[in-house]
Amino acid sequence: VSEGVISFDRIIKMLNVEHGELVVEAKGIYSVEKFLIARRLMYWQVYLHKTVIGAEQMLIKILYRAKALSGQGQELFATRALRHFLVNKITIHNFLEDPAHLAWFTKLDDTDIMSALKEWMYAEDKILKTLCRKLMDRNLLRTELRNTPFSESEIAKVRSRVKAYFELQDDEVDYFVYTQVIQNSAYDTQHNNIKIVNKQGDIQDITEASDLSNLEALAKRVEKFAISYPKEVGYPLHEG
């Protein structure tokens, strides 16, 4: 999208090292300002768009379900790289200790996942089959975003509608209904701050060097709350 177009080549040309620190020369400050504003727009319009959130969560739940079924001894189609993670119990600890896990992980790509999704559309398991078909048909979950948390009664209402519509058990509803908190700040002043150096060699944080009054606002963490559920149940949060 046009909001994401930035002068990255100019920013790279303006990079320098001053007193052992990576800095941007002052004449490149406007390009950096545009980069930060574009980053904020891109996160909320593209990367964290509610459609993206819904699709991402569907894929996560599909992989959770496939892992659970594999753990129960069911044979599922998978490439060698994907099968390694389906059949083996891998934790953060043994992943770091055994280099074989990393080797298989680097062999994973979109092809492994997409080929599995196409095959799992015909799986015997209703949950895995339904989620895969929805994702492949782009019949994505509806995701609602707002600035306040969803109440327990609101979530229970959605879960009840989904449970009845898809004829699910209580522990199966989690594959179709989920909430999450989304946080983002366009500029991290604590850990990844951008430093500007002027002609005299003085170094300032960009929020101090910039004459853009709302630049500091980009450093504030924005928090939103999301709930995702199948479109078939309508708008349960807005109906009586």
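All values derive from a computational prediction rather than experimental measurement.

1. Some thoughts on the overall build of the protein chain
Consideration 1: Along its length, the protein chain carries ten helices and seven strands.
Consideration 2: Here the protein chain has a C-alpha radius of gyration of 23 Å; the compact-globule value for 240 residues is 18 Å, and the former is much larger.
Consideration 3: With respect to the three principal axes, the spread of C-alpha positions in the protein chain is 70 × 55 × 30 Å.
Consideration 4: In the protein chain, which comprises 240 residues, the share counted as buried stands at 37%.
Consideration 5: Sequence separation of at least 24 residues holds for 70% of the intrachain contacts in the protein chain that already meet a minimum separation of 6.
Consideration 6: Accessible area for the protein chain stands at about 14700 Å²; split by element, carbon and sulfur atoms hold 51% of it.
Consideration 7: The positive charge centre, built from 32 side chains, and the negative charge centre, built from 34, are 4 Å apart in the protein chain.

2. A look at the nonpolar core
Consideration 1: Formed by 37 residues in total, the largest nonpolar core has its most connected members in I62, W120, L128, V162 and F176.
Consideration 2: Every element with two or more residues in this core is listed here: α3 (50–71), α4 (80–87), α7 (110–120), α8 (126–136), α9 (152–166) and β7 (222–229).
Consideration 3: When residues no more than four places from it in sequence are discounted, the contact partners of F176 are I127, T130, L131, L141, V162, L168, S228, Y229 and P230.
Consideration 4: In this structure, M14, I29, Y187 and I196 belong to the second largest nonpolar core, which totals 13 residues.

3. Digging into the packing of aromatic side chains
Consideration 1: In this structure the tally under the stated criterion is five aromatic pairs.
Consideration 2: On the basis of an interplanar angle of 20° and a centroid distance of 5.1 Å, the ring pair of F166 and F176 is categorised as stacked. Placement of the pair is F166 in helix α9 and F176 in the loop between α9 and β4 (178–184), with a sequence separation of ten residues. Across the pair, F176 and F166 agree in class, each one buried.
Consideration 3: The structure contains a cluster of three or more aromatic residues connected by ring pairs, namely F85, F95 and F105.
Consideration 4: In this structure, K107 packs its charged tip against the face of W104, placed 5.5 Å from the ring centre.

4. Some words on the side chain of D125
Consideration 1: Relative to the assigned elements, D125 resides in the loop between α7 and α8.
Consideration 2: The class for D125 is buried, based on a relative accessible area of 14%.
Consideration 3: At 3.3 Å, the side chain of D125 and the backbone nitrogen of I127 are in polar contact.
Consideration 4: Within the structure, the side chain of D125 is placed 2.8 Å from the backbone nitrogen of L128, a separation counted as a polar contact.

5. Overview of a positive patch on the surface
Consideration 1: A contiguous patch of positive charge on the surface is contributed by R10, K13, K27 and K199.
Consideration 2: You can see K27 is positioned in the loop between β2 (21–25) and α2 (29–47).
Consideration 3: Among the residues examined, K27 registers a relative accessible area of 55% and is labelled exposed.

6. Section: unusual backbone geometry
Consideration 1: In the Ramachandran plot, H19 falls in the positive-phi region, its phi being about 55° despite a non-glycine side chain.
Consideration 2: In this structure, H19 sits in the loop between β1 (15–18) and β2.
Consideration 3: Non-glycine residue E167 carries a positive phi angle of around 55°.
Consideration 4: Mapping E167 onto the fold places it in the loop between α9 and β4.

7. Quick look at α2
Consideration 1: Given a rise of 1.5 Å per residue, 19 residues ought to cover 27 Å, and the 25 Å separating the end C-alpha atoms of α2 matches this to within 8%.
Consideration 2: Among the structural elements, α1 (8–13), β2, β4, β5 (195–197), α10 (206–209) and β7 are those in contact with the buried residues of α2.

8. A short note on the environment of L59
Consideration 1: Looking at the secondary structure, you find L59 in helix α3.
Consideration 2: Through-space distance from the C-alpha of L59 to that of I155 is 21 Å; in sequence the pair is 96 residues apart.
Consideration 3: Each residue touching L59, except ones within four places of it in the same chain, is listed here: I113, L117 and L135.

Rules behind the numbers
- Along each chain, residues carry numbers from 1 onward, in the same order as the chain's sequence is written.
- Confidence filtering applies because this is a predicted model: local features only for residues at pLDDT of at least 70, side-chain atom pairs given and counted only at 80 or more, and all residues used for totals across whole chains, interfaces and linings.
- Neither water nor hydrogens contribute to the side-chain values; these are computed over all heavy atoms in the structure.
- Here a helix means four or more residues in a row that DSSP labels H or I, a strand means two or more in a row labelled E, and each is numbered from the N terminus.
- For a compact globule the rule gives 2.2 Å times the number of residues to the power 0.38, and the radius of gyration it is set against comes from C-alpha atoms.
- Throughout this description, buried means an accessible area under 20% of the type-specific maximum (1.4 Å probe, protein chains only), exposed means over 50%, and partly exposed covers the range between.
- Note on contacts: a residue pair qualifies if any of its non-hydrogen atoms lie within 4.5 Å across the two residues.
- Only the protein chains shown count as cover for residues, and all accessible areas are computed by the Shrake-Rupley method using a 1.4 Å probe.
- All tallies of charge rest on Lys and Arg as positive and Asp and Glu as negative; His and the ends of each chain are not included.
- For charged residues, the charge sits on one atom: NZ in Lys, CZ in Arg, CG in Asp, CD in Glu.
- To form a nonpolar core, buried Ala, Val, Leu, Ile, Met, Phe, Trp, Tyr and Cys residues must be joined to one another through side-chain atoms within 4.5 Å.
- The rule is short: rings of Phe, Tyr and Trp, with Trp giving its six-membered ring, pair when the centres are within 6.5 Å, and they are stacked under 30 degrees, edge-to-face over 60, tilted in between.
- Charge-over-ring placement is defined geometrically: NZ (Lys) or CZ (Arg) within 6 Å of the ring centre, and within 35 degrees of the ring normal.
- Pairs of N or O atoms are called polar contacts if they sit within 3.5 Å, as long as, within protein, a hydrogen donor faces a hydrogen acceptor (for residues adjacent in sequence, only side-chain-to-side-chain pairs).
- Patch rule: a residue counts if its relative accessible area is over 30% and it has no salt bridge; like charges are joined within 9 Å, and nonpolar side chains (Val, Leu, Ile, Met, Phe, Trp, Tyr) within 5 Å.
- Salt bridge criterion: a side-chain nitrogen from Lys or Arg within 4 Å of a carboxyl oxygen from Asp or Glu.
- Here the expected span of a helix is defined as 1.5 Å times the quantity of residues minus one.

Note that every value here comes from positions in space, so none of it alone points to a role or purpose.
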